[in-house]
Amino acid sequence: MLEAEYTIPTEVHNPMELANIIAKWEGNKPILYTKSQGVEGTRRSVAGVFDVPAENVEVHAEYLGGAFGMGLHTWPYEIAALIGAKKLNRPVKLVLHREQMFTNVGFRPYTIQKMGLGATKEGKLTGLTHEAVAMTSSYEDFMEGTVNMSRFIYDCPNVSTRYRIVPLDTCTPIWMRGPGEATGSFALECAMDELAYKLNLDPIEFRKRNYAEKDQEQNKPWSSKYLLECYEAGMEKIGWKNRKNEPGAVKEGNWLVGYGMGTGTFGCYRSPTSVKAKFLANGDLVLQCSVNDMGPGTATMMTAIGAEVIGLPAENVIIEMGKSGLPKGPTQGGSATTSSVGSAVHDACNLLLNKIIELGSKSPALKGIAITDLTFENGTISSKKDKSKSVTLAALLSSNKLEDFEVENLSKAAEEAKKYSIYSFSVHFVKVLVNPNLGKIRLAHVVSCADIGTVINQKTSAGQMFGGAVGGIGMGLMEALEIDHRFGRPINNNFADYHVPVNADIEKQEVFFVNKKDPISNPMGTKGLGETALVGMAPAIANAVFNATGKRVRDLPITLDKIIESAKV
């Protein structure tokens, strides 16, 4: 049996890009150039504040910097800029200064978690309790899925979770990468590691003995789950065979060596999404959606799917996105963009293909040929049997007096998907070197493995996984907003004192994907990646530090003073 308490400090985005907005009015029409991860949500928020129709609100967010989550909320500074612009009857530009970035645009909330685990001597879980208390503002309730992962990730007959929030005089928190799950996984995965040590079991063997073959919370089968493959691949790549269960048993020179791991998961969601697909006379394909690209490669993903469905080179696909007035797309967040927008692109392009072939079948050049015997390749509709019988897209549009040919389609998840529990899974492995005299921690090797269904683009997916893991490294070793409680003011609200990882902090990092299609999630067989790329990284580091030193740090970040001062397990 194990009972323990774990603490996550307040963490902030602290991106290079300062929060900013240009606001103006044209009559009763507010126009914003702002940082928004969801232009449709921003339209609704602004419309509600100023009592104007949502279609009157024009939002531009074509180009965004970092800070995943900061753009999920319409903040007071944005409303203030709009009020100023309306009062002055002229455009207003507002930019927050660096110190305001720590108090005005959300943060990961300070959270205290209590874990209770019970298991048989053979390592089979018998009970699990997970309680969390987190902060919110005094004027708005903010909640996230801190305890959600504990409800289903392991096979346990008795599970109890409770999540509470405490209102404080502060800005409203906001979802940061791995919202809730990243926080909750720290407590859960550290507790699993602690109990495995008490049972004298390898941490991965302990997890395998409690592997969940179905989602017990919802009593549904998984759409797909290749977590065991992630375990095996990660163990091989990190050199898990060199790990000893006894802390401090492995050394490299004067450094203690430790190996740790943490499991991660995040739900795979699919929002109703509209995409317009349009052929231009020159054969180019235009894809339009109001979703924006804040760095994960949304435009690249749309291009890849559209090019594959239509059968065009990627350079012939044009993406228009990131502003209101385009077909309504989802908010960029929650690891749902590829599933939602990618499915919409897939469906719209197939519809466009069918419609253009149907139009082509009426051309004199293809008279008498059944639609089923026609194909579209490289801007030409032709007979599958006789390629000489054909009509070019340009000629077809010209003969029908059309400048272009377009379709717009709303894509939704199939009813069949409701019968399944659809999640992405990840495992982070780390090898740490710890200097026992100085408390210094070096990350010698990081391996991240993920089950995300079909990988649409290896390069952008790997970039997401690398970046998520680095974010988890910051969470585990560096990040914490320090408050002077005499005055309620932050004291490290700058780049120099709020530490985040840099290249020198990661000596070797690898990424691996199972890359097996999910048959249920969407037409491409993909699952989300952005969030699960971070979930599980912080506990992997904490568990590795314990394996190296025998010192268990339960309050993040793991700094050298905690290594030196922690005298006992």
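Bear in mind that the values here come from a model prediction, so they are computed numbers and not experimental data.

A.B. asks: Explain the pairing of strand β12 (residues 255-267) here, please?
C.D. replies: In regular strands, side chains alternate between the two faces of the sheet. Across the 13 residues of β12, 13 count as buried, placing the element largely inside the fold. The alternating pattern of β12 places Trp255, Val257, Tyr259, Met261, Thr263, Thr265 and Gly267 and Leu256, Gly258, Gly260, Gly262, Gly264 and Phe266 on opposite faces, both of which are buried. Note that strand β11 (residues 250-252) and β12 share three bridges and pair antiparallel. Each residue of the ladder has a partner; that of Glu252, found in β12, is Trp255. What sits between the antiparallel neighbours β11 and β12 is a turn of two residues, in which Gly253 has the positive phi angle 65°. Summarising the sheet, β12 and strand β20 (residues 423-434) pair through twelve bridges and their orientation is antiparallel. Directly across from Phe266, in β20, lies its bridge partner Ser424.

A.B. asks: Would you mind going over the sheet that holds strand β24 (residues 509-513) with me for this structure?
C.D. replies: The pairing of strands in a sheet comes from backbone hydrogen bonds and takes either a parallel or an antiparallel form. A sheet is described by the order of its strands in space; here five strands give the open sequence β11-β12-β20-β21-β24, paired in mixed fashion. Of all strands in the sheet, those bounded by a partner on one side alone are β11 and β24. If you compare each strand with its neighbour and ignore which way they point, the axes differ by 25° on average.

A.B. asks: Would you take a moment to explain unusual backbone geometry for this structure?
C.D. replies: Glycine aside, residues mostly have negative phi angles, and peptide bonds mostly take the trans form. A cis geometry characterises the amide bond from Leu556 onward to Pro557, with omega recorded as -5°. Inspection of the secondary structure assignment puts Pro557 in the loop between α10 (537-549) and α11 (560-565). One non-glycine residue, Asp51, lies in positive phi territory at about 55°. Here Asp51 is to be found in the loop between α1 (39-50) and β4 (58-60). Looking at Asp51, the relative accessible area reads 69%, which means it is exposed. One non-glycine residue, Ser335, lies in the positive phi region at around 55°.

A.B. asks: What exactly am I supposed to notice about α10 here?
C.D. replies: Side chains that are three or four residues apart share a direction in an α-helix, a result of its 3.6 residues per turn. The terminal C-alpha atoms of α10 lie 19 Å apart, and with 13 residues this matches the ideal 18 Å at 1.5 Å per residue to within 8%. With respect to burial, α10 is a largely interior element, 13 of its 13 residues being buried. One or two residues past the end of α10 sits Gly550, with phi positive at roughly 80°.

A.B. asks: Any chance you could explain helix α2 (residues 76-88) here in plain terms?
C.D. replies: Between its first and last C-alpha, α2 extends 18 Å over 13 residues, near the 18 Å set by a 1.5 Å rise per residue. Residues of α2 that are buried: Tyr77, Glu78, Ile79, Ala81, Leu82 and Ala85. Along its buried surface, α2 packs onto β2 (20-26), β3 (29-34), α1 and β5 (92-95). The first or second residue beyond α2 is Asn89, which carries a positive phi of 55°.

A.B. asks: Please explain the packing of aromatic side chains as it appears in this structure.
C.D. replies: Aromatic ring pairs: the centre-centre distance and the angle between the two ring planes describe each pair. Summed over the entire model, instances satisfying the criterion amount to twelve aromatic pairs. Taken together, a centroid distance of 4.4 Å and an interplanar angle of 40° make the contact between Phe152 and Tyr423 tilted. Separated by 271 residues along the polypeptide, Phe152 in the loop between β7 (125-137) and β8 (159-168) and Tyr423 in strand β20 bring together distant segments of the chain. In this structure an aromatic cluster arises from ring pairing among Phe152, Trp222, Tyr423 and Phe425. In this arrangement the basic side chain of Arg98 is found over the ring face of Phe495, its NZ or CZ atom lying 4.1 Å from the centre. Sitting over the face of the ring of Trp255, Arg442 holds its NZ or CZ atom 4.9 Å from the ring centroid.

Cut-offs and rules
- Sequence order as written defines the numbering, with residues in each chain counted from 1.
- In keeping with the model being predicted, local features are shown solely for residues with a pLDDT of at least 70 and side-chain atom pairs are shown and tallied solely at 80 or more, while totals for entire chains, interfaces and linings include all residues.
- The side-chain figures draw on all heavy atoms in the structure; neither hydrogens nor water molecules are used.
- Only protein chains enter the accessibility calculation, which uses a 1.4 Å probe. A residue is then buried if its area is under 20% of the maximum for its type, exposed if over 50%, and partly exposed in between.
- A helix here means a DSSP run of H or I that spans at least four residues, while a strand means a run of E at least two residues long, and both kinds are numbered starting from the N terminus.
- Should DSSP find at least two bridges between two strands, the strands are regarded as paired.
- Fitting a line to C-alpha atoms yields each axis, with helices limited to the stretch in contact; the angle taken between N-to-C directions then spans 0 to 180 degrees.
- What a helix is expected to span follows from its residue count: subtract one and scale by 1.5 Å.
- For this analysis, residues touch if any pair of their heavy atoms sits within 4.5 Å.
- Any pair of Phe, Tyr and Trp rings, taking the six-membered ring for Trp, is counted once the centres come within 6.5 Å. Such a pair is stacked with planes under 30 degrees apart, edge-to-face with planes over 60 apart, and tilted for the rest.
- Lysine and arginine charges are scored as sitting over a ring when NZ or CZ, respectively, is within 6 Å of the ring centre and within 35 degrees of the ring normal.

Bear in mind that shape data such as this cannot, by itself, settle questions of function.
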